[in-house]
Amino acid sequence: MFRYLTNHIISMLPTLAVVAVVGFMLVHLTPGDPAVFAAGPEASPAVVEQIRERMGLNRPLHVQFLAWVRNIIVEGNLGVSIQTGEPVSAILASRAEPTIALALTSFFVALVIGVPLGFLGAVQRGRLGDRLIMAVATFGVSVPRFWLGLMLMLLFAVTWRWLPVGGYRPFSDGIVDALRHLVLPALALGMAEAALIARMTRTAMLEVMNEDYVRTARSKGLVEQRVLVKHALRTALIPILTVAGLSLANLLGGSVAIEVVFNYPGIGRGLMTAITRRDYPVVQAVVLLVGVIYMIVNLLIDLAYAGVDPRVRYS
Amino acid sequence: MQRKLLAGLLITAMAMGVGFAQSDEDAARRGGVLNVAYETEPVTLDMMYTTTTDTLFRMTHAFEGLFTYDEGYQIVPMLVDTYQLSDDGTVYTFTLRDGITFHDGSPLTSADAVASVLRYMQMTSTGREVSPHLVSVDAVDDLTFTITLTQPFGGLLAALAYRQAIVLPAVVIEEVGTDQIRAAQAIGTGPYEFVEWLPDQYMRFKRFEGYVSRDEEPSGYGGGKKAYVDEIVIYTVPDPSSRLFGLMTGDYHFAELISADDLSTLNDEPELEAVIISPDRDVTLFPNMHRSPTDNPLIRRAMKVALDFDELLMAGWSDPELHLANGGMYTPNNAWFTAIGTQDYNVKDQELARELLAQAGYDGEPLVMLIPTDRADYYQAMLVAIQQLEAVGFVIEPHFTDFTTVQTLRSDPTAHHIWLSGPTFRPEPTTLLHLHCDWPGTGVGWCNPEKEELLVALGREADFEKRFAIWEELNRVAGEDTPFIKLGDTFRLSGKLANLGGFTPMAIRYFWNVWLPN
């Protein structure tokens, strides 16, 4: 197990290097000048030049890249924002709580809605219930998230006034208030992911429900519920885990659309702000971070396979 | 305990007892937290560092300048008490108001003013226009300082009234130099002091209890300022629907930039009120004056006469309340308005456009047009403009991209033929950027010997009548040369709760003298 883990982590390094290079090149090749953004549309070229010099952007690209990589490897330092001068690590840290809170709440919504709906769909296969569930799921996958967010906001915040229109409150200021601010964005994000998980659960369940061992279980006279949950669902969990894991990674990487609509200070919104400002060190760090999140979640999914499927062994 | 009480009473007495007339009414208006939704996140707290309005909109509550503008956009003193100009017109002597303190409690002295003026002239585009005329800035005594110029320069007070010309403590300037100020250094003299900034969430200000107001009645950015609300919290809310929804639920008392399509919602809901800001921006097409074929005035004129500005304005700012077809550089109600030079505006003469193109020998070379897509109104107007230009024979190659890219590419003369931007309103004509040869970059802007002479003369002259005559002449030159094609006056739609009191719609919104309903 330990060896497996070590090998897996070492094999991540080349991927991470590719992410770093591509991330760096993409932001630097995008037209648009951070100094121009900082100085504003009405600044003269001389003022812009003064700012560009201070940002260190007049150095050749490869020098900037090597300095960045060196900083990360040697000093474990992600640098400072060229726009605000704040350390990038502090910027990421300030986004951590809101992002994790929203990702976990949305993930909870996605699982609680997605798995039972998919399960029901499979059991009811071909009947009205199944069709209804699949229609809702298709709608959920297709509908733009920002639109869903705005509709939820219109209904729950504007019409009924049950929940706030947006914003974020840290848990340290009170759990109830924090949750009230989380509900709508988590629903909007979670419902889209739930649709995906429901479809995958249904397909996976249908595949195993015709397997011999399910028939055997039935012929042994087991109660249908037990057959479905204990025998069919457990086997179907592997593809569901894969999809759910990717969903989680996706949610942890932040959602620009939902965070913008709900005025929510997560990592997605931070990335958006950084891109608009061409704040290179911040964009690079977020790209790298999202890459790391995907890798870690993938590793966790691999490990979880062993938990649900006794045939999987890592040694 | 008693000492604390006394100190408290003293502070209250200071806050209540000075400044322009205080009354029971004022006491009743005090209190509460004002929540404002603004569309973009600022990049810095330093108003000298950037020209962007997102910084200005917030920090104008904390910082003040030596001069400012009143309701009619006339220059009035703010931190300055009195000033004199020497007979030869080269030495200005300023006396600061006595008893003003910064948010950290230190008194405002001439040393702060001198350091601030020097920093302003080094760091900002408008300040740098003064620096070639500058000999020195010197403190005379604690409250008096002088600015000595090489020759008379009429634009000095306008430059000092410009929004970036704020006064910071000299010790802060010593610390930061021309770097941007950080949170701990955001120390001004304004009626509200900066408290905190949570990026992508909000910026918070609280009443500065030591604020000493001017005695005059409030007028525009000038005159007396009363901090009625205890706190002002300005949220960054990028989505226009979210800003409107937040206003409808009462989460925000004021919401900036509401979509033109929602004007009817603001008008229909009794608890909401539309705020129309005029003037806002001069949305303008800028031809590249140094690249063929837009370097040819015939081509630029062909563009102008081909366009139907009524249609363009309707496409972008759908409600007639939100735009005005005006080709002049100022709105008709401004003292600087003149119709001279607007003879080609909105003539909608496609035949003439074709003739001009033929005269110019235009061979159908595609013209690269940089169009920012961040603002829906600009984008929609440009889609119509492209159709209209192509109808007379222009070949347009639109380059749709974000503001930051347009701003970067526009200063590269080889990257485009024409670009679109919306310069903000500037009360002083010599500070209009598009009149300057080096804006937005050397080799792109409008350079014309006759215009340069007029601009210098306009800067030197102090008498309004004489200045206006020069200004008319300058407009005539612009009318002949077609260095830019203004689409018209466009107004900004914002919204507020109907029962929010004391709000004045100026080009830059502010929330002193504003009170919340009880």
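Residues numbered from 1 in each chain as written. Chains lettered and ligands numbered in written order. Predicted model: local features only at pLDDT ≥ 70, side-chain atom pairs only at ≥ 80, totals over all residues. Heavy atoms only, no water.

Draft legend 1. Main features of the overall build of chain A. Tallying secondary structure elements over chain A gives 13 helices and zero strands in all. Helices (α) and strands (β) of chain A occur, in sequence order from the N terminus, as α-α-α-α-α-α-α-α-α-α-α-α-α. Within chain A, the proportion of its 315 residues that are buried is 48%. Counting contacts in chain A only where the partners sit at least 6 residues apart, residues at least 24 apart contribute 71% of the total. One way to put it: in chain A the 26 positive side-chain charges average out to a point 9 Å from where the 19 negative ones average out. (Helix = DSSP H or I, 4+ residues; strand = E, 2+ residues; numbered from the N terminus. Buried < 20%, exposed > 50% of the residue type's maximum accessible area, 1.4 Å probe, protein only. Contact = heavy atoms within 4.5 Å. Lys, Arg positive; Asp, Glu negative; His and termini not counted. Charge placed at Lys NZ, Arg CZ, Asp CG, Glu CD.)

Draft legend 2. Up close: a nonpolar patch on the surface. Residue and element names in this part refer to chain A. Residues F139, F146, W147, M151 and L154 make up a contiguous nonpolar surface patch of roughly 460 Å² in combined accessible area. Turning to its location among the elements, F139 is positioned in helix α6 (residues 128–142). Here F139 falls in the partly exposed class, since its relative accessible area comes to 49%. (Patch = residues over 30% accessible without salt bridge, like charges linked within 9 Å, V, L, I, M, F, W, Y side chains within 5 Å. Areas by Shrake-Rupley, 256 points an atom, 1.4 Å probe, with all protein chains shown as cover. Salt bridge = Lys/Arg side-chain N within 4 Å of Asp/Glu carboxyl O.)

Draft legend 3. Structural context of the state of the cysteines. Residues and elements named next belong to chain B. Scanning all chains against the criterion turns up one disulfide over all chains. Put simply, C437 and C447 are joined by a disulfide, and their sulfur atoms are 1.8 Å apart. Between C437 and C447, the disulfide has an S-S torsion of 85° and is therefore right-handed. Within this pair, whereas C437 is found in the loop between β16 (418–421) and α15 (449–460), its partner C447 is found in the loop between β16 and α15, the two being separated by 10 residues in sequence. The partly exposed category is assigned to C447, whose relative accessible area is 33%. (Disulfide = S-S within 2.5 Å.)

Draft legend 4. Main features of the sheet that holds strand β7 (residues 144–149) of chain B. Residue and element names in this part refer to chain B. What the four strands build is an open sheet, ordered β4-β5-β7-β6; its pairing is antiparallel. Two strands bound the open sheet, and with one partner strand each, they are β4 (80–85) and β6 (134–139). Between one strand and the next, the sheet's axes are offset by a mean angle of 15°, whatever the strand orientation. One ladder, built from five bridges, connects strand β5 (residues 91–96) with β7; its direction is antiparallel. If you follow V91 over to β7, its bridge partner there is T148. Its contacts with the sheet place helix α4 (residues 110–123) against β5, β6 and β7, and it is angled at close to 155° to β6. (Pairing = 2+ DSSP bridges. Axes fitted to C-alpha atoms, helices over the stretch in contact; angles between N-to-C directions.)

Draft legend 5. The arrangement of a positive patch on the surface in detail. A cluster of basic residues, K220, R226, K230 and R234 of chain A, forms a positive patch on the protein surface. Inspection of the secondary structure puts R234 of chain A in helix α10 (residues 224–252).

Draft legend 6. Fine view of the nonpolar core. Counting residues in each nonpolar core, the largest one holds 128 residues, and the members touching the most others are M59, L66, F94, F145, I147, L156 and W471 of chain B. For this core, the element with the most residues is α4 of chain B, which contributes seven residues. Core analysis: the next-biggest nonpolar cluster, separate from the first, contains 110 residues, M209 and M295 of chain A together with L285 and A385 of chain B among them. (Core = buried A, V, L, I, M, F, W, Y, C linked by side-chain atoms within 4.5 Å.)

Draft legend 7. Region of the structure containing the confidence of the model for chain B. All names here are of chain B. Overall, the prediction assigns chain B a mean pLDDT of 92, with 96% of residues at 70 or greater. Every residue in residues 1–19 is under pLDDT 50, and counting partners more than four places away or in other chains gives 10 contacts. With pTM at 0.90, the complex prediction returns an ipTM value of 0.89. (pLDDT = per-residue confidence, 0-100.)

Draft legend 8. Spatial organisation of helix α8 (residues 240–248) of chain B. Residue and element names in this part refer to chain B. Burial analysis of α8 places seven of its nine residues in the buried class, which makes it a mostly covered element. Every buried residue of α8 is accounted for by S242, R243, L244, F245, G246, L247 and M248. Where α8 ends, the next residue or the one after it, G250, has phi of about 85°, a positive value.

Draft legend 9. Quick peek at the packing of helix α8 (residues 175–209) of chain A against α10 of chain A. Residue and element names in this part refer to chain A. Taken N-terminus to C-terminus, the directions of α8 and α10 make an angle of 150°; their axes are 8 Å apart at the nearest point. In the packing of α8 onto α10, the handedness of the crossing is right-handed. Of the residues in α10, those touching α8 at L189, E193, L196, I197, M200, T201, A204, M205, V208 and M209 are L228, A232, L233, T235, A236, P239, I240, V243, A244, S247, N250 and L251. When the residues that make up the contact of α8 with α10 are grouped by side-chain class, the tally is 17 nonpolar, four polar and one charged. (Left-handed = near helix turned anticlockwise from the far one by under 90°. Nonpolar A, V, L, I, M, F, W, Y, C, P; charged D, E, K, R; others polar.)

Draft legend 10. Seen up close, the pairing of β16 of chain B. All names here are of chain B. Side chains I418 and L420 project from β16 onto one buried face, and the interleaved W419 and S421 project onto a second face that is buried too. Strand direction decides the pairing type here: strand β12 (residues 272–287) and β16, joined by four bridges, are antiparallel. Paired with L285 across the two strands is L420, which belongs to β16.

Draft legend 11. Looking closely at the packing of aromatic side chains. Under the counting rule described, the total for this entry stands at 41 aromatic pairs over all chains. On the basis of an interplanar angle of 55° and a centroid distance of 6.0 Å, the ring pair of F156 of chain A and W162 of chain A is categorised as tilted. An aromatic cluster of at least three residues, connected via ring pairs, comprises Y73, Y221, Y330, W336, F425, F464, F468, W471, Y510 and W512 of chain B. Positioned over the ring face of W515 of chain B is R29 of chain B, at 3.5 Å from the centre of the ring. A cation over an aromatic ring shows up here: K225 of chain B above the ring of W512 of chain B, its NZ or CZ 4.2 Å from the ring centre. (Phe/Tyr/Trp six-rings, centres within 6.5 Å; stacked < 30°, edge-to-face > 60°. Lys NZ or Arg CZ within 6 Å of the ring centre and 35° of its normal.)

Draft legend 12. Examining unusual backbone geometry more closely. Cis peptide bonds are those with omega within 30 degrees of zero, and the linkage from S292 of chain B to P293 of chain B qualifies with 0°. Inspection of the secondary structure assignment puts P293 of chain B in the loop between β12 and α10 (297–306). Omega for the bond connecting W439 of chain B with P440 of chain B falls within 30 degrees of zero, at 5°, which places this linkage in the cis form. Summarising the element assignment, P440 of chain B is placed in the loop between β16 and α15. Positive phi outside glycine occurs at N263 of chain A, with the angle close to 50°. Mapped onto the fold, N263 of chain A is located in the loop between α11 (256–261) and α12 (267–277). Looking at N263 of chain A, the relative accessible area reads 5%, which means it is buried. Phi at T482 of chain B is positive, roughly 45°, even though this residue is not glycine. With respect to the helices, strands and loops of the structure, T482 of chain B is situated in the loop between α16 (464–481) and β17 (485–497).

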